[in-house]
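Survey of secondary and tertiary structure
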Amino acid sequence: MQTDVAKDRLRELILDGTYPSGARLTEMEVAAALEMSRTPVREALRALAADGLVRPSGRGVVVAALDRDHLDEAYQVRAALEALTAELAATRQSEGRIAPADLVALRDVANETAAVTAEGRFADAVRLNRRFHRLIAELAGNSMALLTLERIWDQIQVSTLRSLAPPSRPAHVSGQHEDLVSAIILGHADEAAKVARAHVLDTRTVTNSKGEPA
């Protein structure tokens, strides 16, 4: 559907900072940028408003960012959900319900994220980091958790994009990723949940001070 195409394309433009938080958008401007008619763009803007990425403002919308208090709440919910998905993924692994190839893919993404971070390829690191956490949520096999996390990840990304900087402790972040992968592969559900929660809460603390992602 044209509406889905418009939503996906506009969402990507918001997440990559082409339309940063605070940017005002109108149907006409977006339709011209996407080379689409205004009807699917209108529906796409409504869908993105429901997802919390934009809010109505006058005759258009404004790309929305969470204030400090709501950003903190978002990290709290993210920590709880990522602890859950890590626990579920490890449990499914212990039950033999995860294909070995999927675990190899998870470790490969963790290694690639660490490599590009060390090389200073920050934009690639942000993209791969998101992919890493999504893979864990997919391995958990809980579609509701994945959908909720997608929305939270989007809102956090938009809200922190302007202040993002390379992590001051890349080895620490990479080490947490490795610990999380190992706990899942070994099927240690409690440990996976513990590491995932700590990792997100560490991210929240650093983001509040410097805006660094993890």
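In what follows, the structure referred to is the one given above.
Residues numbered from 1 in each chain as written. Predicted model: local features only at pLDDT ≥ 70, side-chain atom pairs only at ≥ 80, totals over all residues. Heavy atoms only, no water.

**Topic: the sheet that holds strand β3 (residues 60–63)**
As a reminder, the rule being used: By this definition, two strands are paired if DSSP reports at least two bridges between them. Elements are defined by DSSP. Helices are runs of H or I of four residues or more, strands are runs of E of two residues or more, and each kind is numbered from the N terminus.
Strand order in the open sheet formed by three strands is β1-β3-β2, with antiparallel pairing between adjacent strands. Single-partner strands in this sheet number two, and they are β1 (24–25) and β2 (54–57). With four bridges connecting them, β2 and β3 associate as antiparallel partners. Within the sheet, the bridge partner assigned to Pro56 lies in β3 and is Val61.

**Observations regarding helix α5 (residues 100–118)**
Rules: To estimate the expected span of a helix, subtract one from its residue number and multiply by 1.5 Å. Only protein chains enter the calculation, and the probe is 1.4 Å; a residue is then buried if its accessible area is under 20% of its type maximum, exposed if over 50%, and partly exposed in between. Think of it as the arc spanned by the lines of direction from the helix axis to the C-beta atoms. We call two residues contacting when some pair of their heavy atoms lies within 4.5 Å.
Spanning 19 residues, α5 covers 27 Å between terminal C-alpha atoms, matching the ideal 27 Å at 1.5 Å per step. By the burial criterion, the buried members of α5 are Leu103, Leu106, Val109, Ala110, Thr113, Val116 and Thr117. An end-on view of α5 places all buried positions within 165° of arc, on one side of the element. For α5, exposure combined with an orientation more than 90 degrees from the buried face picks out Pro100, Ala101 and Ala118. Contacts from the buried residues of α5 go to α4 (68–94), α6 (122–140) and α8 (170–185). Two residues or fewer past α5, Gly120 is found with a positive phi of approximately 80°.

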